[in-house]
Amino acid sequence: MTIAITEIKTKSDKLIYSYKKDNLSDDERINQFLDKILEIRKPLQRTIKTINKLDDLLLLVTWADVKTKQDKKDLKYIFKTAKIIHKKFLVDYAFLHKRLNKKLFKEILFDFKNAVDDFEDSILEAENVMSVVRKDKKMMSLINSIF
Amino acid sequence: MEFYFTERFIDEFKKIIKAKEHKNLENCFIEEIFKKTFDEILKTGASRQSGDNNNSAYIKKRIGKLNSGKRGGYRSYIMILIKNKELYFIFIHPKAGRRSMVKLDSNEEQKIIKKFKSEKKLKNLIRVELLNAADNNPDKTDKIINSETKHCIF
């Protein structure tokens, strides 16, 4: 399986853009949503899907090889934007947790938080692999000697 | 696709499922490994630690708890022979609850990989497969079994 950093960057940007379009912090929109439970759930589910897709994309970074200066630059950009959007997800979660009825939206809030937590975990994991694990020559040669 | 467990992996797995909070681990594992395609296993929740994409790789794979996120779930450490679609499970730990750890200590990780290397050389690995609930399974649930003896692993 091969994937280019630039491809991940483009996909990541598209997902972040689609998320921003569905900005859930809009007070007015949330107030309208409160009247219609089903209408609230739809964008939340969409956001959870976006976070999950971003999460998978981020771990895909570890399947790519950093070969050029541009790759390095793109990688830095991916981690930077991922951290920024993660903070935004957390703010959104806090906002929703405060505003939504806990009983009515218990399940979706739980899914939202899990998706955000998984995403944070992936950022840390991918960053650790690319900046620490890949530089461990002892480990690399051990792995290469197995098969 | 072929699946192999090391003795260490089975030992850890058995210790983990002793805890009430982890009793569903076998089901979670079946859902995320045995019921997925090779590509799905690699492309979702898996990070390549080292190795290469076309031959063999060492990966860390997240196993989510059923009806929950992957963060509070489990981390499995797998060696993969990509061209033969062979997956060798060498270690697993929960991220939360009993026997949890954030990640495997790097010295311990190297020890486990070296042990795997020698076990592989000696062909001491256990080939496993899925016994579906529908396939005359007396427990009426999906189970992981030893491919040779047909006995349940857990």
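A closer look at the packing of helix 4 (residues 69-99) of chain A against helix 5 (residues 106-131) of chain A
Residues and elements named next belong to chain A.
Inference 1: Contact geometry of helix 4 with helix 5 gives a least axis separation of 10 Å together with a crossing angle of 160 degrees. When the axes of helix 4 and helix 5 are compared, the pair comes out roughly antiparallel. The handedness of the crossing between helix 4 and helix 5 is left-handed. Contact residues: Leu75, Phe79, Ala82, Lys83, His86, Phe89, Leu90, Tyr93, Leu96 and His97 in helix 4; Leu109, Phe112, Lys113, Val116, Phe119, Glu120, Ile123, Glu127 and Met130 in helix 5.

Regarding the interface of chain A and chain B
Inference 1: Taken residue by residue, the interface counts 23 residues in chain A and 25 residues in chain B.
Inference 2: Elements represented by at least two residues in the side of chain A that touches chain B include exactly helix 3 (37-60), helix 5 and helix 6 (137-144) of chain A.
Inference 3: Among the elements that make up the side of chain A that touches chain B, the one with the highest residue count is helix 5 of chain A (8 residues).

Observations regarding the sheet that holds strand 4 (residues 74-81) of chain B
Residues and elements named next belong to chain B.
Inference 1: With mixed pairing, 7 strands are arranged side by side in an open sheet as 2-3-4-5-1-6-7. What marks the edges here is a single partner per strand, and that holds for strand 2 (46-51) and strand 7 (143-146). Between one strand axis and the next, the sheet turns by 35 degrees as a mean value, whatever way the strands run.
Inference 2: Sheet topology note: the strand 1 (residues 2-5)/strand 6 (residues 126-131) ladder contains 3 bridges and is antiparallel. Note that in strand 6 the partner of Phe5 across the bridge is Ile126.
Inference 3: Lying over the sheet, helix 2 (residues 25-34) contacts strand 3 (56-63), strand 4, strand 6 and strand 7, oriented at roughly 130 degrees with respect to strand 3.
Inference 4: Running over the sheet, helix 4 (residues 106-121) touches strand 4 and strand 5 (86-94) and is turned about 150 degrees from strand 5.

Comments concerning the pairing of strand 3 of chain B
Residue and element names in this part refer to chain B.
Inference 1: Summarising burial for strand 3: 8 of the 8 residues are buried, a large majority.
Inference 2: The two faces of strand 3 match: Ser56, Tyr58, Lys60 and Arg62 on one face and Ala57, Ile59, Lys61 and Ile63 on the other face are all buried.
Inference 3: When strand 2 meets strand 3, the two strands line up antiparallel, connected through 5 bridges. Its bridge partner being in strand 3, Arg48 is matched across the sheet by Ile59.
Inference 4: Linkage of strand 2 to strand 3, two consecutive antiparallel strands, is achieved through a turn of 4 residues.
Inference 5: In this sheet, strand 4 lies alongside strand 3 in antiparallel orientation, the contact comprising 8 bridges. Directly across from Ala57, in strand 4, lies its bridge partner Ile80.

About the thresholds
- Residues numbered from 1 in each chain as written.
- Chains lettered and ligands numbered in written order.
- Predicted model: local features only at pLDDT ≥ 70, side-chain atom pairs only at ≥ 80, totals over all residues.
- Axes fitted to C-alpha atoms, helices over the stretch in contact; angles between N-to-C directions.
- Helix = DSSP H or I, 4+ residues; strand = E, 2+ residues; numbered from the N terminus.
- Parallel < 35°, antiparallel > 145°, perpendicular 65-115°, else oblique.
- Left-handed = near helix turned anticlockwise from the far one by under 90°.
- Contact = placed C-beta atoms within 7 Å.
- Pairing = 2+ DSSP bridges.
- Buried ≥ 20, exposed ≤ 12 C-beta atoms within 10 Å, placed from the backbone.

Any link to function would need more than the numbers given here.
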